[in-house]
Amino acid sequence: VLAIRTFNQSDLEEYAKWSSKPVINALTDLEHPCQALADYMTIREEFKTFDDVILTFVGDGNNVANSLILCGALLDVEVRIACPKGYEPDSKIIQKAKELNNNINLKIMNDPYSAVNGANVIYTDVWSSMGQENEKEFKDKDFHNFTVNTDLLNQANSDSIILHCLPAYRGKEISNEVFESRNSRIFEQAENRLHAQQSLLTALLS
């Protein structure tokens, strides 16, 4: 197996084109599917089913958001993406998700408070991903109303859980109070990266 962690999706596709072995997308700028496997595993552990689950991702429409959309389409989970205008997920990903599920329940929103209303899962990620360090200053300004804090959490369901793919910048995309709250499943989610990737290897090599 080749596990490739890179920036350009095209580099990964080039490996897959020529490799006689399975190629795993360990992360690209476009997708982060291994993370999404652990995320949905954590959700399933918590709620026992994906029926009536609403997952709201608050932040940049980045690779994590893209993979949550694609996996949500496969599992028929309602996914809401709350991001500032101009930071929406890639249009190619949205089209791909619609091809995977004609009845996809996907909402792209610019108001995080509306997006978390009735949600069971609130997910966030850093505002500036790897390789975007030079964008950090103006992104922090664009996202200043998109912090997952107690006020935002109070708009969601009382049994909602908090997820973050880590590392986190406490006080930016997520407040310390929410990170350490009883709703947080962030460390369980991190542990599930191990179990989900073991399962992926088993599926590929069986």
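*Asks:* Requested: an account of the sheet that holds strand β4 (residues 78–82), with residues and values cited.
*Replies:* One open sheet holds the 5 strands; their spatial order is β5-β4-β3-β6-β7, and the pairing between them is parallel. Of all strands in the sheet, those bounded by a partner on one side alone are β5 (106–109) and β7 (161–164). Strand-to-strand, the axes of this sheet are offset by a mean angle of 20 degrees, without reference to chain direction. Here strand β6 (residues 121–124) pairs with β7 via 4 bridges, running parallel. Paired with Thr124 across the two strands is His164, which belongs to β7. The sheet contacts of helix α3 (residues 63–75) involve β3 (54–58), β4, β5 and β6, and relative to β4 the element is tilted by about 160 degrees. Sheet strands in contact with helix α9 (residues 186–205) are β6 and β7, and its direction is about 50 degrees off that of β7.

*Asks:* Tell me about the pairing of β3, and please be specific about residues and values.
*Replies:* Counting buried positions along β3 yields 5 of 5 residues, so the element is predominantly enclosed. Along β3, one buried face is formed by Ile54, Thr56 and Val58 and the opposite face, lined by Leu55 and Phe57, is buried too. Summarising the sheet, β3 and β4 pair through 5 bridges and their orientation is parallel. Residue pairing in the sheet places Val58 in a bridge with Ala82 of β4. Crossover handedness for the path β3 to α3 to β4: right-handed. The pairing of β3 with β6 spans 4 bridges and is classified as parallel. Among the inter-strand pairings, Leu55 is bridged to a residue of β6, identified as Val121.

*Asks:* Can you explain the packing of helix α2 (residues 33–47) against α3? Please cite residues and give values.
*Replies:* At their nearest, the axes of α2 and α3 sit 9 Å apart, and the two run at 55 degrees to each other. Regarding the angle of α2 to α3, the classification is oblique. Between α2 and α3 lies a crossing whose hand is right-handed. Contacts between α2 and α3 involve Pro33, Ala36, Asp39 and Tyr40 on the former and, on the latter, Ser67, Leu68, Cys71, Gly72 and Leu75. Tallied by class, residues from the contact of α2 with α3 come to 6 nonpolar, 2 polar and 1 charged.

*Asks:* Tell me about the nonpolar core, and please be specific about residues and values.
*Replies:* With 45 residues, the main nonpolar core has Tyr40, Ile43 and Leu55 as its most contacted residues. The dominant element in this core, judged by the number of residues it contributes, is α3, at 7 residues. Leave out the neighbours within four places in its chain, and Tyr40 touches Phe50, Leu55, Leu68, Cys71, Gly72, Leu75, Val77 and Val79.

*Asks:* Give a detailed account of the side chain of Thr28, specifying residues and quantitative values.
*Replies:* Mapped onto the elements of the fold, Thr28 is located in the loop between β2 (23–27) and α2. Residue class for Thr28 comes out buried when judged on its relative accessible area of 0%. Ignoring sequence-local partners within four residues, the contact set of Thr28 consists of Thr6, Phe7, Asn8, Gln9, Leu12 and Asn63.

*Asks:* Any details on the environment of Phe179? Residues and values, ideally.
*Replies:* Position of Phe179 among the secondary structure elements: in helix α8 (residues 176–179). Classification of Phe179 by relative accessible area gives buried; the value is 4%. A C-alpha to C-alpha distance of 24 Å links Phe179 and Phe138, two positions 41 residues apart in sequence. In this view, Phe179 contacts Leu166, Ala168, Arg170, Ile174, Ser184, Ile186 and Phe187; residues no more than four positions away in its chain are not counted.

*Asks:* Give a detailed account of the environment of Thr42, specifying residues and quantitative values.
*Replies:* With respect to the helices, strands and loops of the structure, Thr42 is situated in helix α2. We classify Thr42 as buried; its relative accessible area is 3%. Measuring from C-alpha to C-alpha, the distance between Thr42 and Ala196 comes to 9.7 Å, with 154 residues separating the pair along the chain. Those residues in contact with Thr42 that sit more than four places away from it in its chain are Leu163, Arg185, Glu188, Gln189 and Asn192.

Definitions and limits used
Position labels on residues start from 1 in each chain and follow its written sequence. At least 70 in pLDDT is required for a residue's local features to be given in this predicted model, at least 80 for side-chain atom pairs to be given and counted, and no such filter applies to totals for whole chains, interfaces and linings, which use all residues. Computation of side-chain values: all heavy atoms of the structure, hydrogens and water removed. DSSP calls a pair of strands paired once it identifies at least 2 bridges connecting them. Helix numbers and strand numbers start at the N terminus; a helix is a DSSP run of H or I with at least 4 residues, a strand a run of E with at least 2. Note on geometry: axes are C-alpha line fits, over the in-contact stretch for helices, and angles between N-to-C directions span 0 to 180 degrees. Two residues qualify as a contact provided that any one of their heavy atoms is within 4.5 Å of a heavy atom in the partner residue. Under the scheme applied here, a residue whose accessible area is under 20% of the maximum for its type counts as buried, over 50% as exposed, and between as partly exposed, the area being computed with a 1.4 Å probe on protein chains only. A crossover counts as right-handed when, viewed with the strands pointing away from the observer, the path leading from the first strand over the helix to the second turns clockwise. An angle counts as roughly parallel when it lies under 35 degrees, as roughly antiparallel when it exceeds 145, as roughly perpendicular when it falls between 65 and 115, and as oblique in every other case. Handedness of a crossing follows from how the near helix is turned relative to the far one, being left-handed for an anticlockwise turn of less than a right angle and right-handed for a clockwise one. Only Asp, Glu, Lys and Arg are considered charged, only Ala, Val, Leu, Ile, Met, Phe, Trp, Tyr, Cys and Pro nonpolar, and every remaining residue, Gly among them, polar. Put simply, buried Ala, Val, Leu, Ile, Met, Phe, Trp, Tyr and Cys residues joined by side-chain atoms within 4.5 Å make one nonpolar core.

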